Amino acid sequence: MNLVTGTEINYYFVCKHKLWLFTHGINMEHNSDYVDIGNALHEKSFTREDKEILIDGRIKIDFVRNQLEIHETKKSKAMEEATKYQILYYIYYLKMKGVDGVTGVIHYMDNHSKEEITLREQNEEKIKQIIEEINKIKEMDKPPQKVKSKVCTKCSYYELCFC
Ligand code: SF4
């Protein structure tokens, strides 16, 4: 199985057109105000020594507490499913590397709420399916159909897609 990145898992849920653009080296993230706001909130929320752990260039964990608890900060719950599966994938990825017993916590900055995440058997099956589908999308010659949705106005690819 060709493992994927956490960002690819996230984009799979957000927009498959975006996933294809991103995995073909078309990267416009720096143009997005929304991303800048999200980064600024993240920077302010936790101490510097807590920050980002990159593993194999594939998964980037915001910070770890209590050894086996991985934490992710997000601006809001707007992309809740994408965020949840991104964290589930981190836990799955670590399990594949022999690190068992990892759990996750997502911090939503706008309402200061948090959600605890545990990897269950049915999540693992779905993650395997998602990885296969992501690899199929990456191999496509052309991007999947664009679908205009409420996420588009906050997407860094908006101008490329709709202007
Ligand atoms: S603008 Fe919309 S359709 Fe285009 S990549 Fe972004 S989310 Fe997908």
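Residues numbered from 1 in each chain as written. Predicted model: local features only at pLDDT ≥ 70, side-chain atom pairs only at ≥ 80, totals over all residues. Heavy atoms only, no water.

Regarding the site of the ligand
Okay, step 1: All residues adjacent to the ligand are C15, H17, K18, V147, V151, C152, C155, Y157, Y158, C161 and F162.
Okay, step 2: Looking at the shell around the ligand, the elements that each hand over two or more residues are α2 (16–23) and α6 (158–162).
Okay, step 3: The element best represented in the shell around the ligand is α6, accounting for three residues.
Okay, step 4: Among the residues making up the shell around the ligand, the classes are represented as nine nonpolar, one polar and one charged. (Near = heavy atom within 4 Å. Helix = DSSP H or I, 4+ residues; strand = E, 2+ residues; numbered from the N terminus. Nonpolar A, V, L, I, M, F, W, Y, C, P; charged D, E, K, R; others polar.)

Quick look at the pattern of salt bridges
Okay, step 1: Overall, the coordinates contain six salt bridges when judged by the stated rule.
Okay, step 2: For the salt bridge of E8 with K138, the shortest nitrogen-to-oxygen distance reads 3.2 Å. Taken together, the residues span a long stretch of sequence, with E8 in helix α1 (residues 6–14) and K138 in helix α5 (residues 121–139) at a distance of 130 residues.
Okay, step 3: We classify K138 as partly exposed; its relative accessible area is 27%.
Okay, step 4: Note that K77 and E80 form a salt bridge whose closest N and O atoms lie 3.9 Å from each other. (Salt bridge = Lys/Arg side-chain N within 4 Å of Asp/Glu carboxyl O. Buried < 20%, exposed > 50% of the residue type's maximum accessible area, 1.4 Å probe, protein only.)

Structural notes on the pairing of strand β4 (residues 69–74)
Okay, step 1: Here strand β3 (residues 63–65) pairs with β4 via three bridges, running antiparallel. Within the sheet, the bridge partner assigned to R65 lies in β4 and is E69.
Okay, step 2: The turn joining β3 and β4, which pair antiparallel and follow one another in sequence, is formed by three residues; a positive phi near 50° is taken by N66.
Okay, step 3: Both β4 and strand β5 (residues 103–108) contribute to a ladder of six bridges, which runs parallel. (Pairing = 2+ DSSP bridges.)

Focus: α2
Okay, step 1: All of the buried residues in α2 are H17, K18, L19, W20 and L21.
Okay, step 2: Packed against the buried residues of α2 are α1, α5 and α6.
Okay, step 3: Of the residues flanking the end of α2, it is G25, one or two places downstream, whose phi is positive at about 80°. (Contact = heavy atoms within 4.5 Å.)

Topic: the sheet that holds strand β6 (residues 113–117)
Okay, step 1: Spatially, four strands are ordered β3-β4-β5-β6 in an open sheet, and the strand pairing comes out mixed. The open sheet has two edge strands with one neighbour each: β3 and β6. The sheet shows a mean angle of 30° between the axes of neighbouring strands, taken without regard to direction.
Okay, step 2: For β5 and β6, the ladder comprises five bridges, and the chain directions are antiparallel. Looking across to β6, one finds that I106 is bridged to E115.
Okay, step 3: Contacts from helix α4 (residues 80–96) reach β4, β5 and β6, with the element oriented near 155° to β4. (Axes fitted to C-alpha atoms, helices over the stretch in contact; angles between N-to-C directions.)

Things to note about the packing of aromatic side chains
Okay, step 1: For the structure shown, the criterion picks out six aromatic pairs.
Okay, step 2: Geometrically, the ring pair formed by Y12 and F13 is edge-to-face, given 5.3 Å between the ring centres and 85° between the ring planes.
Okay, step 3: Measuring from centroid to centroid gives 5.5 Å for Y158 and F162, while their planes differ by 45°, and the two rings are tilted. Linking Y158 with F162, this pair stays in helix α6, spanning four residues, or about one helical turn.
Okay, step 4: Three or more aromatic residues joined by ring pairs form one cluster here, namely Y12, F13 and Y85.
Okay, step 5: Lying over the aromatic face of Y11, K18 brings its terminal NZ or CZ to 4.5 Å of the ring centre. (Phe/Tyr/Trp six-rings, centres within 6.5 Å; stacked < 30°, edge-to-face > 60°. Lys NZ or Arg CZ within 6 Å of the ring centre and 35° of its normal.)

Purely geometric numbers; function is a separate question.
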